[in-house]
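A structural walkthrough
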Amino acid sequence: MAGLRMGQGVLRRKPIEQIEEVAPSEQLTRTLGLAQLTAIGIGGIIGAGIFALAGAVANGTAGPAVLVSFLIAGVASAAAAFSYAEFAGMIPKAGSAYTYGYAVLGELAGWFIGWDLLLEYTAIVAVVAIGISGYFGFLLGAMGVDLPVWMLGAPGTAEGRQVDLFAMILCLFTAYLLTLGIKNAARFEMVVVVLKVLVVLLVIVIGFFHIDTSNYNPFFPYGVGGAFTGAATVFFAVFGYDAMSTAAEESKDAQRHMPKAIIYSLAISMVLYVLACLVLTGMQNYTEIDPESGFSTAFESVGLDGLANLIAVGAIIGILTVMFTFMLGVTRVWFSMSRDGLLPHWFAKTHPTRHVPVRVTWIVGVASALIAGFLPIGEAAELTNIGILLAFVVVCIAVIVLRYRQPELPRSFRCPGVPFVPAIGVVFSLWLITFLAWQTWLRFLVWLLIGLVIYFGYSYRKSNLAKEESEAPPKQP
């Protein structure tokens, strides 16, 4: 009987139609409009994809067909985006994939995905901070500024380096922005995203006039398979809306605006990616593109050396917005799990006037700063990817399950082509997971085991649903 009760317990679900009101100290403020939500989504999607991945994939994997790689990845990502949009309009609460999984597939599934996203999102913030630090060093070097070697990178990255101080400062600065209140933080994000898009558009427009169409031949130098392999790499440049969807509870009209913001942010980003790929591979032969600074070398090749610094500035601005979006995501997932009782309620307390989860924000800020400061970017990157792909799988499956279980629920947005479109998201995500190294799987399993110990040692008994079960009157025989 105990085993039966345990099995039923891990499958208990948060009723979608009865999502409870929360205490004032655990409430978030609804201040975000459609434009702000879309900007946060674009901020999470456009970053290293244009300034780094496009050149690397074009040079060694797909050639000019990197454009096809982005289109394939975009279609696969859209399948998941439609699923996220349906849930975002139906469940306007913080937590995104964690909350959706909890409501449809049960408590253990929700815990599983939420626990993993805590690590994945935090690691992404750290990896991005390290990337910005490299561009910052490039700019300072171009201006003739030499910083002490000890502060330029993590131990082991080069002789004399002890800490990536600039990356740590960036993590803490992002946490500080988020503690100011979502309205002020989103206003800053909006300004930075607009600047980033303007830089990308400037690069595209100027580069368009220096395209040599002969550089597109051959278009598939590595075969069609190279384009598909490239899609597996650039896929990680076409999500970010998932982290933005964690802010549903801070949207003025989440049921109307969240689905639109998810679709708009992905569509705008894909248009910019495709145009950027056309310009990059048209300006310079794919064999000569620098994998690390593609656009810089492309503009140098046509005599526009002066734009290299502008591109570096654009890269810094672009990647900074990614940090903002994913730190917002991890703090809202943690906040939501704590409010549900799966983690101590102490973490779910919000600031009395700013109404943001200050405690978890600073914890995430410090944790990401330590990872960024003392781990090489390769080791930090190994902490990412698998959890986000599994979140996509969970959300796509949950859409299918809920359509058949509760078709009558009101949906402000309906994912088209159910079950086929969500199934595409599931299959593509599982396929991409096969590309991940065994070390990534090992890290994932260790983190999962730690999470299972915490769940069965604390969360299973302390969750709000567990308390409701214990307080409910016994059923009459």
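Conventions adopted
- Residues numbered from 1 in each chain as written.
- Predicted model: local features only at pLDDT ≥ 70, side-chain atom pairs only at ≥ 80, totals over all residues.
- Heavy atoms only, no water.
- Core = buried A, V, L, I, M, F, W, Y, C linked by side-chain atoms within 4.5 Å.
- Buried < 20%, exposed > 50% of the residue type's maximum accessible area, 1.4 Å probe, protein only.
- Helix = DSSP H or I, 4+ residues; strand = E, 2+ residues; numbered from the N terminus.
- Contact = heavy atoms within 4.5 Å.
- Axes fitted to C-alpha atoms, helices over the stretch in contact; angles between N-to-C directions.
- Parallel < 35°, antiparallel > 145°, perpendicular 65-115°, else oblique.
- Left-handed = near helix turned anticlockwise from the far one by under 90°.
- Nonpolar A, V, L, I, M, F, W, Y, C, P; charged D, E, K, R; others polar.
- Salt bridge = Lys/Arg side-chain N within 4 Å of Asp/Glu carboxyl O.
- Patch = residues over 30% accessible without salt bridge, like charges linked within 9 Å, V, L, I, M, F, W, Y side chains within 5 Å.
- Areas by Shrake-Rupley, 256 points an atom, 1.4 Å probe, with all protein chains shown as cover.
- Phe/Tyr/Trp six-rings, centres within 6.5 Å; stacked < 30°, edge-to-face > 60°.
- pLDDT = per-residue confidence, 0-100.
- Lys, Arg positive; Asp, Glu negative; His and termini not counted.
- Polar contact = N/O pair within 3.5 Å; in protein donor to acceptor, adjacent residues only side chain to side chain.

Further remarks concern the nonpolar core. With 145 residues, the main nonpolar core has Phe 70, Phe 87, Phe 235 and Tyr 241 as its most contacted residues. It is helix H13 (residues 307-339) that contributes the most residues to this core, 16 residues altogether. Setting aside residues up to four positions removed in sequence, Phe 87 forms contacts with Tyr 100, Val 104, Val 395, Ala 398, Val 399 and Leu 402.

Here we take up helix H12 (residues 294-301). Burial analysis of H12 places six of its eight residues in the buried class, which makes it a mostly covered element. When H12 is considered as a whole, its buried residues turn out to be Gly 294, Phe 295, Ser 296, Thr 297, Ala 298 and Phe 299.

In this section: the packing of helix H4 (residues 66-90) against helix H9 (residues 223-234). At a minimum axis separation of 8 Å, H4 and H9 run at an interaxial angle of 60°. One finds that H4 runs oblique with respect to H9. By crossing handedness, the relation of H4 to H9 is classed as right-handed. Between H4 and H9, the contacting residues are Val 68, Ser 69, Phe 70, Ile 72 and Ala 73 on the first element and Gly 226, Ala 227, Phe 228, Gly 230, Ala 231 and Val 234 on the second. Of the residues in the contact of H4 with H9, the class split is eight nonpolar, three polar and no charged.

Their axes nearest at 9 Å, the elements helix H11 (residues 254-283) and H12 cross at an angle of 45°. Judged on the interaxial angle alone, H12 and H11 are oblique. The element H11 and its partner H12 pack so that their crossing is left-handed. Packed against H11, whose contacting residues are Ala 276, Val 279, Leu 280 and Met 283, the element H12 presents Gly 294, Phe 295, Ala 298, Phe 299 and Ser 301 at the interface. Tallied by class, residues from the contact of H11 with H12 come to seven nonpolar, two polar and no charged.

With respect to the helices, strands and loops of the structure, Ser 336 is situated in helix H13. Setting aside its immediate chain neighbours within four residues, Ser 336 contacts Ala 94, Gly 95, Tyr 98 and Thr 99.

The next subject is the pattern of salt bridges. Opposite charge on two side chains permits pairing when their charged atoms draw close. One pass over the structure, following the stated rule, counts eight salt bridges. In this structure, Arg 403 and Glu 86 form a salt bridge, with 2.9 Å as the shortest nitrogen-oxygen distance. Taken as a pair, Arg 403 in helix H16 (residues 386-405) and Glu 86 in helix H4 lie far apart in primary sequence, 317 residues in all. Glu 86 matches Arg 403 in its accessibility class, with the two residues each being buried. Across the pair Asp 116 and Arg 443 runs a salt bridge whose closest N-O atoms are separated by 3.7 Å.

What follows is about a nonpolar patch on the surface. Taken together, Leu 172, Phe 173, Tyr 176, Trp 362, Val 366, Leu 370 and Phe 374 make up a surface patch of nonpolar side chains, about 620 Å² in accessible area. Those elements that place two or more of their residues in the nonpolar patch are helix H7 (165-179) and helix H14 (358-374). Of all the elements, H14 adds the most residues to the nonpolar patch, at four residues. Inspection of the secondary structure puts Val 366 in helix H14.

With that settled, the discussion passes to the packing of aromatic side chains. This structure, assessed with the given rule, holds 26 aromatic pairs. Judged by centre distance (5.3 Å) and plane angle (70°), the ring pair of Tyr 121 and Phe 326 falls under edge-to-face. Of this pair, Tyr 121 sits in helix H6 (residues 107-142) while Phe 326 sits in helix H13, placing them 205 residues apart in sequence. Note on Tyr 121: relative accessible area 1%, which makes it buried. A centroid spacing of 6.3 Å and a plane angle of 80° characterise the contact between Phe 173 and Phe 188, whose relative ring orientation is edge-to-face. Of this pair, Phe 173 sits in helix H7 while Phe 188 sits in helix H8 (residues 182-208), and the two are 15 residues apart along the sequence.

Of note, the amide linkage connecting Asn 217 to Pro 218 takes the cis form, showing an omega dihedral of 0°. Within the chain, His 355 stands out as a residue other than glycine whose phi angle is a positive 55°. Residue position: His 355 is located in the loop between H13 and H14. Take His 355: its relative accessible area is 27%, and that puts it in the partly exposed class.

Right, let's talk about the environment of Ala 237 for a bit. Tracing the backbone shows Ala 237 in the loop between H9 and helix H10 (241-244). For the pair formed by Ala 237 and Gln 36, sequence separation is 201 residues and the distance between their alpha carbons is 20 Å.

Before going further, it helps to examine the confidence of the model for the chain. Of all residues in the chain, 91% have pLDDT values of 70 or greater, and the mean over the chain is 85. Mean pLDDT per element in the chain: helix H1 (residues 2-10) is the minimum at 53, and H14 is the maximum at 94.

Turning next to the side chain of Asp 164. Tracing the chain through its elements places Asp 164 in the loop between H6 and H7. For the buried Asp 164, no salt bridge exists, and the shortest N-O distance to an oppositely charged side chain is 6.7 Å, to Arg 161. From its side chain, Asp 164 meets the backbone nitrogen of Ala 167 in a polar contact 3.2 Å long. Contacts of Asp 164, omitting those with residues within four sequence positions, involve Ile 130, Ser 133, Met 151, Leu 152, Gly 153, Ala 154, Ala 372 and Gly 373.

Right, let's talk about the environment of Ala 391 for a bit. The residue Ala 391 is located in helix H16 in this model. Since its relative accessible area comes to 1%, Ala 391 is described here as buried. It is 26 Å that separates the C-alpha atoms of Ala 391 and Ile 132, two residues lying 259 residues apart in sequence. Apart from the residues lying within four places of it in its own chain, the contact partners of Ala 391 are Tyr 84, Ala 97, Ile 113 and Leu 117.

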